[in-house]
Amino acid sequence: MSGLAEYTASVKLHALTANLWGLPWPVSCDRVGRKARFAELLARIRPDVVGLQEVWWPWRARFPGVPLHVPLSWRDAGLAISGSLASDSRVDLVPFRHHRGADRLKRKGILHSVIRVGDVDLSVVVTHLQAGRRHAAIRFRQASALRALIERIKEPVLCMGDFNFYGADDGRSAELLVAAGLRDAALTTGSALPTFWSGDTAERFDRIYVRDGKSTSIAVRSLTVLSGRRNPWSDHAPVSAFLEVSD
């Protein structure tokens, strides 16, 4: 021992993911009011990183106090990231090659960029997988594309979004993410609560995953589902996690 204490720098990070139910009327309702209330939520809790789904253009203008980063050439992806991008980083979208039904009308995929957390670069990935219980095989292909992307990333990873996983039906897809090194924050903290309700069923569609980097670790300190079945923002409940990034 040299007598010098080993020093580890750590930074606390608040992450939030939300599907904003941006489909047009009559599929969804009160879009203008819901977006205004969600903007108020962001202003109140001030998360460091936000991953959004179904935030179709021109809804970006509904959040003037929160800059949303989107790839301008893929406006219909419905995906956006908010956070302090690292120097010279860009926001890229990998569109899914496989999709079915109404999902064909929009270019769902995988949005990713790099944010700066203290002295650490953190890769942020936001995604929205195929909807519909009967389409587990499509989600498996999409999860395979997500795994391939995650495995190419060298930095630590924060991955979040609407995965549309139906329990055991999508077990193979969930296992693909584990194989990519991702840890489910809700399972880590024992907070695996439903985030979406339809009829008498409740599902945990909205999730946050983390993966350590080569010399950087991400600890999940807490995870909270911010509302129940009826909430003022969406038909999905936003999910919030407090993380600690250590280099």
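Everything numeric in this text was worked out from a predicted model, so none of it was measured. (Residues numbered from 1 in each chain as written. Predicted model: local features only at pLDDT ≥ 70, side-chain atom pairs only at ≥ 80, totals over all residues. Heavy atoms only, no water.)

Examining the side chain of S234
- When you line up the elements, S234 lands in the loop between β12 (217–225) and β13 (239–246).
- Judged by relative accessible area, which is 5%, S234 ranks as buried.
- In this structure the side chain of S234 is engaged in a polar contact, spanning 2.6 Å, whose partner is the backbone oxygen of N19. (Helix = DSSP H or I, 4+ residues; strand = E, 2+ residues; numbered from the N terminus. Buried < 20%, exposed > 50% of the residue type's maximum accessible area, 1.4 Å probe, protein only. Polar contact = N/O pair within 3.5 Å; in protein donor to acceptor, adjacent residues only side chain to side chain.)

So, the pattern of salt bridges
- Overall, the coordinates contain 12 salt bridges when judged by the stated rule.
- Residue R116 pairs with D121 through a salt bridge whose shortest N-O separation is 2.8 Å.
- D169 is paired through a salt bridge with R133; the nearest N and O atoms lie 2.7 Å apart. Separated by 36 residues along the polypeptide, D169 in the loop between β7 (157–162) and α3 (171–179) and R133 in the loop between β6 (120–128) and α2 (136–152) bring together distant segments of the chain. (Salt bridge = Lys/Arg side-chain N within 4 Å of Asp/Glu carboxyl O.)

Things to note about the confidence of the model for the protein chain
- Averaged over every residue, the pLDDT of the protein chain is 90; the share at 70 or more is 93%.
- Below pLDDT 50 for its whole length, residues 1–5 participates in 0 contacts with residues either more than four positions away or in separate chains. (pLDDT = per-residue confidence, 0-100. Contact = heavy atoms within 4.5 Å.)

Considerations on unusual backbone geometry
- Despite not being glycine, W21 shows a phi value in the positive range, around 55°.
- As for its placement among the helices and strands, W21 is situated in the loop between β1 (10–19) and α1 (31–45).
- Judged by its relative accessible area of 17%, W21 falls in the buried class.
- At E54, a position not held by glycine, the phi torsion is positive, near 55°.
- Along the chain, E54 falls in the loop between β2 (49–53) and β3 (80–82).
- Its relative accessible area of 10% is what places E54 among the buried residues.

So, the environment of S113
- Summarising the element assignment, S113 is placed in strand β5 (residues 109–117).
- Accessibility expressed as a relative area gives 4% for S113, which makes it buried.
- Between the C-alpha atom of S113 and that of H69, which follows or precedes it by 44 residues, the distance is 9.1 Å.
- Setting aside its immediate chain neighbours within four residues, S113 contacts I81, L85, S89, R90, V91, L122, S123 and V124.
- A polar contact is formed between the side chain of S113 and the backbone oxygen of R90, at a distance of 2.9 Å.

Brief notes about the pairing of β6
- Of all 9 residues making up β6, 8 are buried, and the element is well covered by its neighbours.
- Sheet topology places β5 next to β6; 8 bridges connect them, and they run antiparallel. Counted as the bridge partner of V114 is S123 from β6.
- Linkage of β5 to β6, two consecutive antiparallel strands, is achieved through a turn of 2 residues, within which G118 is found at a positive phi near 60°.
- For β6 and β7, the ladder comprises 6 bridges, and the chain directions are parallel. Bridge assignment links V126 to a residue of β7, and that residue is M160. (Pairing = 2+ DSSP bridges.)

Notes on the sheet that holds β6
- Spatially, the 6 strands line up as an open sheet ordered β4-β5-β6-β7-β11-β8, and their pairing is mixed. Whereas interior strands pair on both sides, the edge strands pair on one side only; in this sheet they are β4 (92–95) and β8 (183–184).
- Note that β8 and strand β11 (residues 206–211) share 2 bridges and pair antiparallel. Following the sheet pairing, R183 is matched in β11 by V210.
- Helix-sheet contacts for α2 involve β5, β6, β7 and β11, and the interaxial angle to β5 is about 25°. (Axes fitted to C-alpha atoms, helices over the stretch in contact; angles between N-to-C directions.)

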